[in-house]
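One letter stands for each residue in the lines below.
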Amino acid sequence: MSVASVELKPGKVSLAELRAIRNGASVTLSAAGYKAIDASAASIARIVASGKTVYGVNTGFGLLANTSIDKARLAELQRNLVMSHACGLGEKLDARVVRLVMALKVIGLARGHSGVRREVVDFLLTLLKKNALPQIPSQGSVGASGDLAPLAHLSAAMMGEGWIDFYGEPIFAMEALRKLDLKPLELGPKEGLALLNGTQVSTAIALDALFSAENVFTSALVAGAMSVDALQGSDAPFDARIHALRGQPGQIAVAEFLRQVMEGSDIRKSHIECDRVQDPYSFRCQPQVMGASLDLLNCAGRTLEIEANAVSDNPIVFPDTDEALSGGNFHAQPVAFAADQITMAMCETGSISERRFAVLVDPKMSGMPAFLVKDGGVNSGFMITQVTAAALVAENRSQAFPASVDSVPTSANQEDHVSMATGAARKAARVVRNAAGIIGLELMAAAQGIDFHAPHVTSEVLQGAHVQVRGHSAFLEKDRYLAPEIEALQDCVHEGALLHGTPIGEMAAALFRA
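Report follows, based on the coordinates. Since this is a predicted model, take the numbers as computed values, not measurements.

Conventions and cut-offs
- Residues numbered from 1 in each chain as written.
- Predicted model: local features only at pLDDT ≥ 70, side-chain atom pairs only at ≥ 80, totals over all residues.
- Heavy atoms only, no water.
- Axes fitted to C-alpha atoms, helices over the stretch in contact; angles between N-to-C directions.
- Helix = DSSP H or I, 4+ residues; strand = E, 2+ residues; numbered from the N terminus.
- Parallel < 35°, antiparallel > 145°, perpendicular 65-115°, else oblique.
- Left-handed = near helix turned anticlockwise from the far one by under 90°.
- Contact = heavy atoms within 4.5 Å.
- Nonpolar A, V, L, I, M, F, W, Y, C, P; charged D, E, K, R; others polar.
- Core = buried A, V, L, I, M, F, W, Y, C linked by side-chain atoms within 4.5 Å.
- Buried < 20%, exposed > 50% of the residue type's maximum accessible area, 1.4 Å probe, protein only.
- Salt bridge = Lys/Arg side-chain N within 4 Å of Asp/Glu carboxyl O.
- Expected span 1.5 Å × (residues − 1).

### Comments concerning the packing of helix H11 (residues 249-262) against helix H14 (residues 286-308)
Move 1: Remark: H11 packs on H14, axes separated minimally by 7 Å, with the N-to-C direction vectors making an angle of 120°. The pairing of H11 with H14 is recorded here as oblique in orientation. As for the relative orientation of H11 and H14, their crossing is right-handed in sense. Residue-level inspection shows Pro-249, Gly-250, Gln-251, Ala-253, Val-254, Ala-255 and Leu-258 of H11 in contact with H14, the latter providing Gln-286, Pro-287, Gln-288, Met-290, Gly-291, Leu-294 and Asp-295.
Move 2: Among the residues forming the contact of H11 with H14, the class breakdown is eight nonpolar, five polar and one charged.

### Brief notes about the nonpolar core
Move 1: If you look at the biggest cluster of nonpolar residues, it comprises 147 residues, and the most contacted ones within it are Leu-18, Phe-217, Ile-342 and Met-346.
Move 2: When residues in this core are grouped by element, the largest group, 19 residues, is from helix H9 (residues 200-230).
Move 3: Setting aside anything within four residues of it in sequence, one finds Phe-217 in contact with Val-254, Met-290, Ser-293, Leu-294, Leu-297, Met-346, Thr-349, Leu-511 and Phe-512.
Move 4: Ranked by size, the runner-up nonpolar core spans seven residues in total, among them Ile-47, Val-54, Val-57 and Leu-74.

### Things to note about the pattern of salt bridges
Move 1: Tallied over the full model, the rule gives 20 salt bridges.
Move 2: The salt bridge involving Asp-208 is made with Arg-22; its shortest N-O contact spans 2.7 Å. Taken together, the residues Asp-208 in helix H9 and Arg-22 in helix H1 (residues 15-22) connect sequence positions 186 residues apart. We note that Asp-208, like Arg-22, is buried.
Move 3: Across the pair Arg-79 and Glu-161 runs a salt bridge, and its minimum N-O distance is 3.4 Å. Of the two residues, Arg-79 sits in helix H3 (residues 74-85) while Glu-161 sits in the loop between helix H6 (148-158) and strand S6 (163-166), which places them 82 residues apart along the sequence.
Move 4: Judged by its relative accessible area of 35%, Arg-79 is partly exposed.
Move 5: We classify Glu-161 as partly exposed; its relative accessible area is 36%.

### Digging into helix H15 (residues 333-361)
Move 1: Look at H15: 43 Å from first C-alpha to last across 29 residues, which is about the 42 Å you get at 1.5 Å a residue.
Move 2: In terms of burial, H15 is a largely internal element, 24 of the 29 residues being buried.

### Section: the packing of H9 against helix H20 (residues 483-495)
Between two packed helices, both the angle of their axes relative to each other and the distance between the axes serve to describe the pair.
Move 1: Contact pair H9 / H20: the axes reach a minimum separation of 6 Å and the direction vectors enclose 110°. With respect to each other, H9 and H20 are oriented roughly perpendicular. Contacts between H9 and H20 involve Ser-212, Asn-215, Val-216 and Ser-219 from the former and Val-493, His-494 and Glu-495 from the latter.
Move 2: Taken together, the residues that form the contact of H9 with H20 break down as two nonpolar, four polar and one charged.

The values reported here are purely geometric and, on their own, carry no functional implication.
Structural data, given as structure tokens:
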């Protein structure tokens, strides 16, 4: 069910609300959030008036933290910080990711421990409301001291520098602000640092990857169930009693899902007395493999939901005592681990899918025509589509080495251990996309196999999925140009089109945390 609007309650924003924001829901901030912002801004004003030396408020940054800054130059300090840090490279972040970045920054600031004025938060909310999204380069963050470079590009756009996508059209930031009747943001004490510090970019990319991974994962379960019927395989390995004895929650949930979607299959009934004893592991071990992947995705979801609500600024302001304490909440190690978990789960999801595909096209294993096409020899059928799946699996494996174990010291060794969370999250997104392609290819093969068993049909639920596959790719009577169909099914899997408004979507909701 789509959500049209989300009122942010900082510290309590759910994954479901973040999904809605990513998909275009309007965003407002609760009254409690504004109250917390005002309290922390007042605290910073008192600290500045007292003359106390506070990192990032009236000092330099990084190795220059011991350099005091005159009160008359505090605004210049914050502006220079943003401009010097806006040095990212690479492709621009997708609009859905930028929406999440901006919403997460609002959440973090509105926890009331960053010392910014409400004008800063309102500026972000106005840009979101008007669908004016700053262009943010995807490269340049090592995930410690926050996502400094990409967040600097976000902040620079608010100050009239750089580019903003205005309803999808890239224009100079200053021109975009004029169109919105906004004056460039002038930063107060600590506000530049509060905007730049934080894990919002790495968290947003990881969340975007997670939400797509959930679509891909559920589509993979559908593809796996269809492949069991295409193979005329057994559903006995999905018996609840088997999985209860092991006790792994993801395994139990996946087995239940497979039983539900396969229930009532006429194909299964047609060979109920066959003498085949066991199916290949890629078919009968789906609950064990996919269940473990589900547990990883849910673990990543828990971590990212916490991080989305976190104060990852530095220094952190405590308005009740007017203290500004330097810590390390900007270190994105939890996000890096979560992103690598998504990568591993999707790597295995694609790997086991390709193995099922390979079985279906092998006549010795499947009992169906070689490469699932009649008049083989003249026609190659699904021969090279399986090669494409194998190529994507190999590419995903090359991406699966965890980025979270890497670290390159920066800032003259002041920042001597970093998380690489942003790189980990970007890598996860690539692996998810590849996995979607693999699952799309298996769906084509499984639908072809099911059609070979006519007049017997699969279950009612899987017939619905079969119809959707056939909406993108017709039965392969003879060789034809398949590339557009493959790409369409990859998109379908990535965006969860098999799930929306179907019984499968309702079943999938039970797999993931809300």
